[in-house]
Amino acid sequence: MTRHAGPSRVFLSTDAVGGVWQYTLELARAFARRRVEVDIAVLGPGVSADQRRRVADLHGVRLHETGLPLDWTANAPSELDIASNTLAALAQQLNADTVQLHTPALVAQSLWHAPVLAVIHSCVGTWWSAMRGGADIPDDFVWRMAAVRTGLRAASCVVAPTRAFAEMVGRTYDLQRKIDVVHNGRAAAKFSLKDRTEREGVLAVGRLWDEAKNMTLLDDAAKLMTAVPVAAAGANQGPNGATVRLGRMQALGILDEPKIAEAMAAARIFASPAQYEPFGLAVLEAAHASLPLVLADIPTFRELWDGAAIFLPLGDAAVWAETLSDLHGQPESCRRWGMKARARATTYSVERFDGAMWEKHSRMLDPAARAAVAA
């Protein structure tokens, strides 16, 4: 492999609401170990005290809370233009060598002084395709999708977290260019695992308010499992006003990383019935905790966890209830599936993730590569 000189200062944009934040922090931590200066610009809701503290603990990493809207919370194209222009000006002011944006929607509205890598963690177009079949796209999705489409074509490099999602993006936006695939990486938390027979209940983690997470199905399954406790950690109301109402499931609210680790260490099973999930960092965290994974049978989960998880159909709460109840009553089976999940999790290491993303940033600085993009 050809070695390229890497950047000495990197500008990252992010969203503090969900998994994108964890992704950004993991990458910033990895780049900081390379003695790279990292500037993180946060859009959307502000960071929590715990999030701010975690950044402050990293040498050479600085946080910039912009107050700018996210691409999926902006009220008009003009707000997206302002966000893009503001980020471009900030990146230039900070003299970044490379820029990484957490959505292609922020790329094309501005002239960037440095090469831009766009990571497509998710987008309204693929969300709509998965949830509604792609027909009758609402007007406020149309202009957001147009921004994503233009950004996908304009970025120096585009990265998706799974092959299945990259293919979905290509179909949704009729994209001809290559999308690079880099599986996310996550360092294992320090778990004090209880004995398998002492661990109890089913745990789900994520943006509960997002209907794509399909928490209502798990709640319906929980109503059929009176002997098995089911809990969910995460926000039940989103910045876009979306909410979810749960009946049987215990809502744990928003937990910080240590509390999430505690919940995973105490649970017996992890479940994700997501209908749309481009990667699923919470699933990876659960696998590190040796939790057996019971997942919706969708292409991204199959790509990542085939052979290391139990897959169930999307729409049948009775099947989920029966499977979860039966598995919960078999601690030895939980142990075997948990070990399979943990073994697979080691292949999604921070080292591999860091190396792949470092190569993308370094390659963008190669004169030949920059000339090819400009052409």
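Residues numbered from 1 in each chain as written. Predicted model: local features only at pLDDT ≥ 70, side-chain atom pairs only at ≥ 80, totals over all residues. Heavy atoms only, no water.

Some points on the nonpolar core
Stage number 1. The biggest cluster of nonpolar side chains holds 84 residues, and the ones touching the most others in it are L293, W305, W320 and M357.
Stage number 2. Of the residues forming this core, the biggest block, 7 residues, is contributed by helix α1 (residues 19-33).
Stage number 3. Formed by 47 residues, the second largest nonpolar core is a distinct cluster that contains L94, V99, F141 and A212. (Core = buried A, V, L, I, M, F, W, Y, C linked by side-chain atoms within 4.5 Å. Buried < 20%, exposed > 50% of the residue type's maximum accessible area, 1.4 Å probe, protein only. Helix = DSSP H or I, 4+ residues; strand = E, 2+ residues; numbered from the N terminus.)

What to know about the pairing of strand β11 (residues 269-272)
Stage number 1. Across the two faces of β11 the burial is the same, with I269 and A271 and F270 and S272 all buried.
Stage number 2. One ladder, built from 2 bridges, connects strand β8 (residues 202-205) with β11; its direction is parallel. Its bridge partner being in β11, V202 is matched across the sheet by I269.
Stage number 3. Where β11 meets strand β12 (residues 293-296), 3 bridges bridge the pair, whose relative direction is parallel. Bridged to S272 within β12 is L295. (Pairing = 2+ DSSP bridges.)

Some remarks on unusual backbone geometry
Stage number 1. Phi at D136 is positive, roughly 50°, even though this residue is not glycine.
Stage number 2. Considering the arrangement of structural elements, one finds D136 in the loop between α4 (124-132) and α5 (139-154).
Stage number 3. In this structure D136 comes out as exposed when scored by relative accessible area, which is 71%.
Stage number 4. Even without a glycine there, the phi angle at S290 is positive, about 65°.

Quick look at the side chain of D219
Stage number 1. Mapping D219 onto the fold places it in helix α7 (residues 215-223).
Stage number 2. Taking the relative accessible area as the measure of exposure, D219 reaches 4% and is therefore buried.
Stage number 3. Within the structure, D219 has its side chain in polar contact with the backbone nitrogen of G247 (distance 2.7 Å).
Stage number 4. Here M249 takes part through its backbone nitrogen, which lies 2.9 Å from a polar atom of the side chain of D219.
Stage number 5. Setting aside its immediate chain neighbours within four residues, D219 contacts R245, L246, G247, R248 and M249. (Polar contact = N/O pair within 3.5 Å; in protein donor to acceptor, adjacent residues only side chain to side chain. Contact = heavy atoms within 4.5 Å.)

Notes on the sheet that holds strand β6 (residues 157-160)
Stage number 1. If you trace the 7 strands from one edge of the open sheet to the other, you get β3-β2-β1-β4-β5-β6-β7, paired in parallel fashion. Looking at strand neighbours, the two that pair on one side only are β3 (61-65) and β7 (180-181), the edges of this open sheet.
Stage number 2. Note: strand β1 (residues 9-15) against strand β4 (residues 98-101), 3 bridges, orientation parallel. Paired with L12 across the strands is Q100, a residue of β4.

A closer look at the packing of α1 against helix α13 (residues 350-364)
Stage number 1. Where α1 meets α13, the closest approach of the two axes is 10 Å, and the angle between their N-to-C directions is 75°. Looking at the two axes, α1 sits roughly perpendicular to α13. Note on element contacts: α13 touches α1 through V350, F353, D354, M357, W358 and H361, opposite Y23, E26, L27, A30, F31 and R33.
Stage number 2. Within the contact of α1 with α13, the residues separate by chemical class into 8 nonpolar, 1 polar and 3 charged. (Axes fitted to C-alpha atoms, helices over the stretch in contact; angles between N-to-C directions. Parallel < 35°, antiparallel > 145°, perpendicular 65-115°, else oblique. Nonpolar A, V, L, I, M, F, W, Y, C, P; charged D, E, K, R; others polar.)

Some details on the environment of T66
Stage number 1. Position of T66 relative to the elements: it lies in the loop between β3 and α3 (77-93).
Stage number 2. With 20 residues separating them along the chain, T66 and T86 place their C-alpha atoms 8.7 Å apart.
Stage number 3. If near-sequence neighbours (up to four positions away) are discounted, T66 is found in contact with A41, V42, L43 and L87.
Stage number 4. Here the side chain of T66 touches V42 through a polar contact of 2.7 Å, landing on its backbone oxygen.

Some remarks on the pattern of salt bridges
Stage number 1. Here the structure, examined in full by the defined rule, presents 28 salt bridges.
Stage number 2. Of the charged contacts, one joins R62 and E37 as a salt bridge, the two residues approaching to 2.9 Å between their closest N and O atoms. Linking R62 in strand β3 with E37 in strand β2 (residues 37-43), this pair joins segments that are 25 residues apart in sequence.
Stage number 3. Note on E37: relative accessible area 31%, which makes it partly exposed.
Stage number 4. With a shortest N-O distance of 3.1 Å, D39 and R62 are connected by a salt bridge. One end of the pair, D39, is in strand β2; the other, R62, is in strand β3, and 23 residues separate them in sequence. (Salt bridge = Lys/Arg side-chain N within 4 Å of Asp/Glu carboxyl O.)

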